[in-house]
Amino acid sequence: MDFEGQKNHLKAYGITYWVLQKQQKVQWLLNYRGGAFLLPDLEETRKECQIRGVSFEVLSDGEAAGLLEAIASPSQNQEAVILEKAPRIAVYSPKDKQPWDDAVTMVLTYAEIPYVTIYDEEVLSDGLAIYDWLHLHHEDFTGQFGKFYGAYRAAPWYIEGKRLAEQRARKLGYDKVSEQKGAVAEKIRRYVIGGGFMFAMCSATDSFDIALAANGVDICEPMFDGDPSQANYQSLLDYDRTFAFTDFTLERSPLRYEFSSIDMTSKRGVPKDTDYFALMEFSAKWDPVPTMLTQNHTALVKGFMGQTTAFVRGEIKPTVIVLGENRGNGEARYIHGIKGKGFFTFYGGHDPEDYQHRVGDPKTELDLHPTSPGYRLILNNVLFPAARKKKQKT
């Protein structure tokens, strides 16, 4: 899985998942050749790699044992983590989404990793319990319809989307979309606390935490829910309920395409040709979880924008681990934390291979980006729940 040795990093994750589905164990060799996978040597696995265009090398039993012994040496910042079971994957996404809507569904499809699409109905009926891993689609959990009002309130897709969301809320027994989305966020919060793995990108990151902090508080203006927002709602936010962010200030204007002070999009001033973020280095033996989530063939990943591009460092809770950052700009791009018995990862930006994706743009063709470092970070999270649970030393 290093830069020189692998022709298709993304499909390699699909091969690993395919092997796990066959009840075979895999060893993830952290910090060894870009985070390589050690698979059982079966003829059908070799053929599947050839079909999918995934590079591989064959080791004898003696060579494999010698490699694992070298990785186990205290002098090496490496570790072999056992992957045991293919995680059951759910993507929280509306049924009418467009191909450009979500990088995660695109890369899961490209890597040939199966997933089930669920939405509000399934979440509210406690359907999350059967899944090991949940991705939150590019979503607005605050009931403000993505804050698209300023630019797109007359667009047919916006009008229809708002109508359908209001219809869905009423069908599910709620007077307002904001109330219904808040209930969904609460169900997801409980799913994670109970031991689930949650991954979110773009506006699903900050809008989720905002919805949790504003539980029971009306933060929506009349064009969103038909009545005024609650007076002094900023002072009523409960930051103890959030996963990652604290002490943020909400954006009051319905005309501004922004939810809160968490997002760095309008504060960045970073030229496209110098927009990169660095992955942090962790101890593979002492901190295997953040090490797993940062496996890559490069420590420098090119940046990409979204409605929520990056996170203000000062508004991230001290218990949250920053996995990737642009230190010069004071922003975090990729963060991870523990909530109850579960885990969450937030990844800023919309599409790792489309710098500034706009509404209606064509989807990214991943055949053109089979070695994408930005997309690899998503797939690290997909395999994370498969790892044998081992008590962290820190």
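What counts and what doesn't
- Residues numbered from 1 in each chain as written.
- Predicted model: local features only at pLDDT ≥ 70, side-chain atom pairs only at ≥ 80, totals over all residues.
- Heavy atoms only, no water.
- Helix = DSSP H or I, 4+ residues; strand = E, 2+ residues; numbered from the N terminus.
- Rg over C-alpha atoms; globule rule 2.2 N^0.38 Å.
- Contact = heavy atoms within 4.5 Å.
- Areas by Shrake-Rupley, 256 points an atom, 1.4 Å probe, with all protein chains shown as cover.
- Lys, Arg positive; Asp, Glu negative; His and termini not counted.
- Charge placed at Lys NZ, Arg CZ, Asp CG, Glu CD.
- Buried < 20%, exposed > 50% of the residue type's maximum accessible area, 1.4 Å probe, protein only.
- Pairing = 2+ DSSP bridges.
- Axes fitted to C-alpha atoms, helices over the stretch in contact; angles between N-to-C directions.
- Parallel < 35°, antiparallel > 145°, perpendicular 65-115°, else oblique.
- Nonpolar A, V, L, I, M, F, W, Y, C, P; charged D, E, K, R; others polar.
- Phe/Tyr/Trp six-rings, centres within 6.5 Å; stacked < 30°, edge-to-face > 60°.
- Expected span 1.5 Å × (residues − 1).
- Arc of directions from axis to C-beta.

Observations regarding the overall build of the protein chain
Okay, so step 1: In terms of regular secondary structure, the protein chain is built from 12 helices and 13 strands.
Okay, so step 2: On C-alpha atoms alone, the protein chain measures out to a radius of gyration of 21 Å, which is about the 21 Å that the 2.2 N^0.38 rule sets for 394 residues.
Okay, so step 3: When its C-alpha atoms are laid out on the principal axes, the protein chain stretches across 70 × 40 × 40 Å.
Okay, so step 4: Taking the contacts inside the protein chain whose residues are at least 6 apart along the sequence as the reference set, 75% of them involve residues at least 24 apart.
Okay, so step 5: As presented, the protein chain carries roughly 16900 Å² of accessible surface, and 52% of it is formed by carbon and sulfur atoms.
Okay, so step 6: Taking the average place of the 46 positive charges on the side chains of the protein chain and the average place of its 53 negative ones, the gap between the two points comes to 3 Å.

A short note on the side chain of Gln78
Okay, so step 1: When you line up the elements, Gln78 lands in the loop between helix H3 (61–72) and strand S3 (79–83).
Okay, so step 2: Judged by relative accessible area, which is 13%, Gln78 ranks as buried.

Some details on the pairing of strand S7 (residues 197–201)
Okay, so step 1: Where burial is concerned, most of S7 is hidden: 5 out of the 5 residues are buried.
Okay, so step 2: Residues Phe197, Phe199 and Met201 of S7 are buried on one face, and the alternating residues Met198 and Ala200, pointing to the opposite face, are buried as well.
Okay, so step 3: Summarising the sheet, strand S6 (residues 133–136) and S7 pair through 4 bridges and their orientation is parallel. Bridging across to S7, Trp133 finds its partner in Phe197.
Okay, so step 4: Across 5 bridges, S7 lies against strand S13 (residues 342–347) in parallel orientation.

So, unusual backbone geometry
Okay, so step 1: Positive phi, normally seen in glycine, also occurs at Asp126, with a value near 65°.
Okay, so step 2: Position of Asp126 among the secondary structure elements: in the loop between helix H5 (120–124) and S6.
Okay, so step 3: For Lys147, which is not glycine, the phi torsion reads 55° and is therefore positive.
Okay, so step 4: In this structure, Lys147 sits in the loop between S6 and helix H6 (149–152).
Okay, so step 5: Take Lys147: its relative accessible area is 2%, and that puts it in the buried class.

Remarks on the packing of helix H4 (residues 103–111) against helix H12 (residues 373–383)
Angle between the axes and distance between the axes: these two values describe a pair of packed helices.
Okay, so step 1: Remark: H4 packs on H12, axes separated minimally by 10 Å, with the N-to-C direction vectors making an angle of 80°. It follows from the interaxial angle that H4 and H12 lie roughly perpendicular. Contact residues: H4 offers Ala103, Val104, Met106, Val107, Leu108 and Ala111, while H12 offers Tyr375, Ile378, Leu379 and Val382.
Okay, so step 2: When grouped by side-chain class, the residues that make up the contact of H4 with H12 number 10 nonpolar, no polar and no charged.

Comments concerning the packing of aromatic side chains
Okay, so step 1: Across all of its chains, the model carries 25 aromatic pairs by this definition.
Okay, so step 2: Ring geometry for Phe304 and Tyr347: centres 5.5 Å apart, planes at 90°, overall edge-to-face. With a gap of 43 residues between them, Phe304 in the loop between strand S9 (300–302) and strand S10 (311–312) and Tyr347 in strand S13 connect regions that are remote in the sequence. The exposure classification of Phe304 matches that of Tyr347, with both residues buried.
Okay, so step 3: Grouped by ring-pair contacts, the aromatic residues Tyr92, Tyr119, Phe141, Phe208, Phe243, Phe245, Phe311, Phe344 and Phe346 constitute a single cluster.

So, the sheet that holds strand S1 (residues 26–30)
Okay, so step 1: One open sheet holds the 3 strands; their spatial order is S2-S1-S3, and the pairing between them is antiparallel. The open sheet has two edge strands with one neighbour each: strand S2 (36–38) and S3. Averaged over all neighbouring strand pairs, the angle between strand axes comes to 30°, with direction disregarded.
Okay, so step 2: Examined bridge by bridge, S1 and S3 share 5 bridges and lie antiparallel to one another. Residue pairing across strands places Gln27 opposite Ile82, the latter belonging to S3.

A short note on helix H7 (residues 156–171)
Okay, so step 1: In this model, H7 (16 residues) spans 22 Å end to end at C-alpha, consistent with the 22 Å of a helix rising 1.5 Å per residue.
Okay, so step 2: Looking at H7, one finds that the buried residues are Tyr158, Lys162, Ala165, Arg168 and Ala169. Projected onto a plane normal to the axis of H7, the buried residues spread over an arc of 130° and lie on a single side. Facing away from the buried side of H7 by over 90 degrees, the exposed positions are Pro156, Arg170 and Lys171.
Okay, so step 3: Elements in contact with the buried residues of H7: H5, H6, helix H8 (177–193) and helix H10 (222–225).
Okay, so step 4: In the segment just after H7, Gly173 is the residue with positive phi, at about 95°.

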